[in-house]
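# Close look at the chain arrangement
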Amino acid sequence: MVGPQRPQFVLFGSSIVQISYANGGWGAILSDVYARKADIVLRGYYGWNSRAAVQVLNQVFPKDAATQPSLVIVYFGGNDSMGPHSSGLGPHVPLPEYVEHMRSIAVHLKSLSDTTRVIFLSCPPVNEAKLRESTSGIFSELVRTNELCRQYSEACIHLCREEGVKVVDLWTAFQKRDDWLNACFTDGIHLSAEGSKIVAEEILKVLKGAEWEPSLHWKSMPTEFGEDSPYYLVAVDGKTTLNPSDWTFHREIQWD
């Protein structure tokens, strides 16, 4: 492990987490925003549902680890909400079972330490027409509908209220944008850069508004090796240097 040790933020979930560094993804955005402040750790598993997730909780988040994460952001539900396959195989998880799996995840993560914070992401909507167009012939009986996504999203939000867990309502956040159907997805379900911007913005809103001690909002966290240095570029006065540690000029979006 490299040092100095920083707070660790873990992204835990299915494909929307695994590929969150692709296509201007929200994981990449968070890594940029939290540069020199926290380490973003990816634990994303393409195709997984909540049933698979609970089976590895103790391996991914062992309670006896020397260091526990400061924040875990969790997304499962998109695969769970798919309609059941006639064979009994596939990712579908009945809604009551999904809720109990997510409850188990929440309880486990909150037990890791007194300062481990948790944010759940609810199911976003999908572009059903685009999904049908882009689905490969190798798949059988794929059923993804916005009605199912809505049900699982609402169940996730309700569970979070019961468990005292922060939640991002992606179902609602996406649909605030008039062109969400065409702008937010690469294939009807996985996120484009525009979709990921919504996810990142909503996560940062939660982090800014949370009354956590210590705060995990990026503007409130110390910058690693943020001290002034005689080795930085010299200012126009010819006598001092300019400390670039917290410069954000490179960002197309100045995140709050």
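Before reading further, recall that the structure is shown in the block above.
A brief structural summary.

Conventions used here
- Residues numbered from 1 in each chain as written.
- Predicted model: local features only at pLDDT ≥ 70, side-chain atom pairs only at ≥ 80, totals over all residues.
- Heavy atoms only, no water.
- Buried < 20%, exposed > 50% of the residue type's maximum accessible area, 1.4 Å probe, protein only.
- Helix = DSSP H or I, 4+ residues; strand = E, 2+ residues; numbered from the N terminus.
- Pairing = 2+ DSSP bridges.
- Right-handed = clockwise from strand over helix to strand, strands pointing away.
- Expected span 1.5 Å × (residues − 1).
- Contact = heavy atoms within 4.5 Å.
- Salt bridge = Lys/Arg side-chain N within 4 Å of Asp/Glu carboxyl O.

By the criterion of burial, strand β3 (residues 71-75) is predominantly enclosed, with five of the five residues buried. By the alternation rule, side chains of β3 split into Leu 71, Ile 73 and Tyr 75 and Val 72 and Val 74, which are all buried. As judged from the five bridges shared by strand β1 (residues 8-13) and β3, these two strands associate in the parallel manner. When the bridges of β3 are listed, Phe 9 appears paired with Leu 71. Note that β3 and strand β4 (residues 117-121) share four bridges and pair parallel. For Ile 73, the partnering residue across the bridge sits in β4 and is Ile 119. For the segment spanning β3, helix α5 (residues 95-110) and β4, crossover handedness is right-handed.

Relative to the assigned elements, Tyr 45 resides in the loop between β2 (39-44) and α3 (50-55). Remark: the alpha-carbon pair of Tyr 45 and His 250, spanning 205 residues in sequence, is separated by 31 Å.

Before going further, it helps to examine α5. Taking 1.5 Å of rise per residue, 16 residues should cover 22 Å, and α5 covers 23 Å from first to last C-alpha, within 8% of that figure. Where α5 is concerned, the buried positions are Tyr 98, Val 99, His 101, Met 102, Ile 105, Ala 106, His 108 and Leu 109. In this structure, the buried residues of α5 make contact with α3, α4 (57-60), β3, β4 and α7 (146-163).

The subject of this paragraph is the pattern of salt bridges. Counted by the stated rule, this structure contains 17 salt bridges. Between Asp 246 and Lys 37 there is a salt bridge, and its shortest N-O distance comes to 3.8 Å. Taken together, the residues span a long stretch of sequence, with Asp 246 in the segment after α10 (193-209) and Lys 37 in the loop between α2 (26-33) and β2 at a distance of 209 residues. Overall, the relative accessible area of 8% leaves Lys 37 in the buried class. What emerges from the salt-bridge pattern is a single network uniting Glu 100, Arg 103, Lys 110, Glu 162 and Glu 163.

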